[in-house]
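So the chains spell out like this:
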Amino acid sequence: AQSVTQLGSHVSVSEGALVLLRCNYSSSVPPYLFWYVQYPNQGLQLLLKYTTGATLVKGINGFEAEFKKSETSFHLTKPSAHMSDAAEYFCAVSAATSYDKVIFGPGTSLSVIP
Amino acid sequence: ETGVTQSPTHLIKTRGQQVTLRCSSQSGHNTVSWYQQALGQGPQFIFQYYREEENGRGNFPPRFSGLQFPNYSSELNVNALELDDSALYLCASSPGVAGGRGTGELFFGEGSRLTVL
């Protein structure tokens with residue numbers, strides 16, 4: 001079975017500061033890992049994904065994440081926060097099954113302070 | 001390229017009623033997944049359809065059912081509505097599984113917000 005935990009339901013950063021959103025996963029098989037973003041009253045949009053290969057993954061809008069198998073982590077970072085980054089962020093995992101069952105974490109709400 | 005569209009966007013029902021939500025998948029996608037997102041929570045997997053067959057189900061009771069049509073559009077039906085069914089229902093399509101593991105990359109619609117009174 002797969003599961004995801006996200007440390008911190010709310011994170012506030014100043015504009016221009018580093019963004020760090022934490023994600024830990026549990027999976028009995030090699031995982032695929034994802035970060036999705038949700039803006040108010042919208043569906044989810046993929047930020048980035050890790051499948052195989054390079055453990056540092058770059059996504060859209062300047063975000064990146066690093067897969068650390070030994071720590072079962074997939075933390076999301078961005079060097080400099082922008083006001084437009086304020087949104088809900090979900091870490092997600094899928095496993096080696098025959099279908100795309102993607103399990104989402106509870107989410108972290110990011111606020112950016114001007 | 002047309003994205004995932006869902007209808008209706010908002011609806012209000014009373015306890016015990018039935019509801020049908022609709023989803024048109026993105027062009028070229030043959031797999032549709034449905035998720036329930038309660039306020040302040042992450043999306044919970046309901047089930048997935050791949051080429052008109054249910055291809056996986058989460059921890060939801062049988063009163064949650066679905067269909068996928070030959071054009072890969074899909075419906076989610078919920079019978080005997082309960083107050084706790086109030087949520088945003090998200091449909092996501094994906095390119096599908098070709099005899100093995102999918103990529104897990106989902107393309108979401110904007111959701112149908114259901115309120116049960």
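Residues numbered from 1 in each chain as written. Chains lettered and ligands numbered in written order. Predicted model: local features only at pLDDT ≥ 70, side-chain atom pairs only at ≥ 80, totals over all residues. Heavy atoms only, no water.

A. Structural detail: the side chain of Ser-73 of chain B. All names here are of chain B. Summarising the element assignment, Ser-73 is placed in the loop between strand E7 (64–68) and strand E8 (74–78). Given a relative accessible area of 15%, Ser-73 falls into the buried group. Side-chain polar atoms of Ser-73 contact the side chain of Asn-71, separated by 2.7 Å. Ignoring sequence-local partners within four residues, the contact set of Ser-73 consists of Cys-23, Ser-24, Ser-25, Leu-67 and Gln-68. (Helix = DSSP H or I, 4+ residues; strand = E, 2+ residues; numbered from the N terminus. Buried < 20%, exposed > 50% of the residue type's maximum accessible area, 1.4 Å probe, protein only. Polar contact = N/O pair within 3.5 Å; in protein donor to acceptor, adjacent residues only side chain to side chain. Contact = heavy atoms within 4.5 Å.)

B. Expanded view of the pattern of salt bridges. Counted by the stated rule, this structure contains seven salt bridges over all chains. Between Glu-105 of chain B and Lys-49 of chain A there is a salt bridge, with its nearest N and O atoms 2.9 Å apart. Of this pair, Glu-105 of chain B sits in the loop between strand E9 (87–94) and strand E10 (107–108) while Lys-49 of chain A sits in strand E6 (residues 44–50), placing the two residues on different chains. With relative accessibility at 18%, the residue Glu-105 of chain B sits in the buried group. Among the salt bridges present, the one from Arg-22 of chain B reaches Glu-75 of chain B, with a minimum N-O distance of 3.6 Å. With Arg-22 of chain B in strand E3 (residues 19–24) and Glu-75 of chain B in strand E8, this pair connects stretches of sequence that are 53 residues apart. Residue Arg-22 of chain B is classed as partly exposed on the basis of its relative accessible area of 42%. Since its relative accessible area comes to 15%, Glu-75 of chain B is described here as buried. (Salt bridge = Lys/Arg side-chain N within 4 Å of Asp/Glu carboxyl O.)

C. Representation of the environment of Gln-45 of chain A. Residue and element names in this part refer to chain A. Relative to the elements of secondary structure, Gln-45 occurs in strand E6. Residue class for Gln-45 comes out partly exposed when judged on its relative accessible area of 39%. It is 21 Å that separates the C-alpha atoms of Gln-45 and Leu-18, two residues lying 27 residues apart in sequence. Each residue touching Gln-45, except ones within four places of it in the same chain, is listed here: Trp-35, Tyr-36, Val-37, Tyr-39 and Ile-60.

D. Region of the structure containing the interface of chain B and chain A. If you look at the interface, chain B gives 26 residues, while chain A gives 25 residues. Buried surface at the junction of chain B and chain A, both sides included, amounts to about 2000 Å², of which 51% is carbon and sulfur. In this structure, the connection of chain B to chain A is made through one salt bridge. The tally of links between chain B and chain A comes to four residue pairs in polar contact (both at pLDDT 80 or more). Elements represented by at least two residues in the side of chain B that touches chain A include exactly strand E4 (31–37), strand E5 (44–50), strand E6 (53–57) and E9 of chain B. Grouping the constituent residues of the side of chain B that touches chain A by class yields eight nonpolar, 14 polar and four charged. (Buried area = accessible area lost by both parts, 1.4 Å probe. Nonpolar A, V, L, I, M, F, W, Y, C, P; charged D, E, K, R; others polar.)

E. Region of interest: the layout of surface pockets. Estimates place the volume of the largest pocket at around 470 Å³. Every residue lining the largest pocket is counted, 21 residues in all, and those nearest its centre are Gln-38, Pro-40 and Asn-41 of chain A together with Leu-88 and Arg-113 of chain B. Among the elements of the structure, strand E10 (87–94) of chain A together with strand E11 (112–116) of chain B are those that each provide at least two residues to the lining of the largest pocket. Top contributing element to the lining of the largest pocket by residue count: E10 of chain A, with three residues. Of the residues assigned to the lining of the largest pocket, the class counts are eight nonpolar, 10 polar and three charged. Computed from the structure, the second largest pocket encloses a volume of approximately 260 Å³. (1 Å grid on protein atoms, 1.4 Å probe; cavity = no way out; pocket = protein on both sides within 12 Å on 5 of 7 lines; lining within 4 Å. Points joined across faces, edges and corners; volume = space filled by probe spheres on them.)

F. Quick look at the state of the cysteines. Applying the stated rule across the entire model yields two disulfides over all chains. In this model Cys-23 of chain A forms its disulfide with Cys-91 of chain A; the gap between the sulfur atoms is 1.9 Å. Judged by the torsion about the S-S bond (-60°), the Cys-23 of chain A/Cys-91 of chain A disulfide is left-handed. Of the two residues, Cys-23 of chain A sits in the loop between strand E3 (19–21) and strand E4 (24–26) while Cys-91 of chain A sits in strand E10, which places them 68 residues apart along the sequence. A single burial state applies to Cys-23 of chain A and to Cys-91 of chain A, both of which are buried. Paired by a disulfide, Cys-23 of chain B and Cys-91 of chain B hold their sulfur atoms 1.8 Å apart. (Disulfide = S-S within 2.5 Å.)

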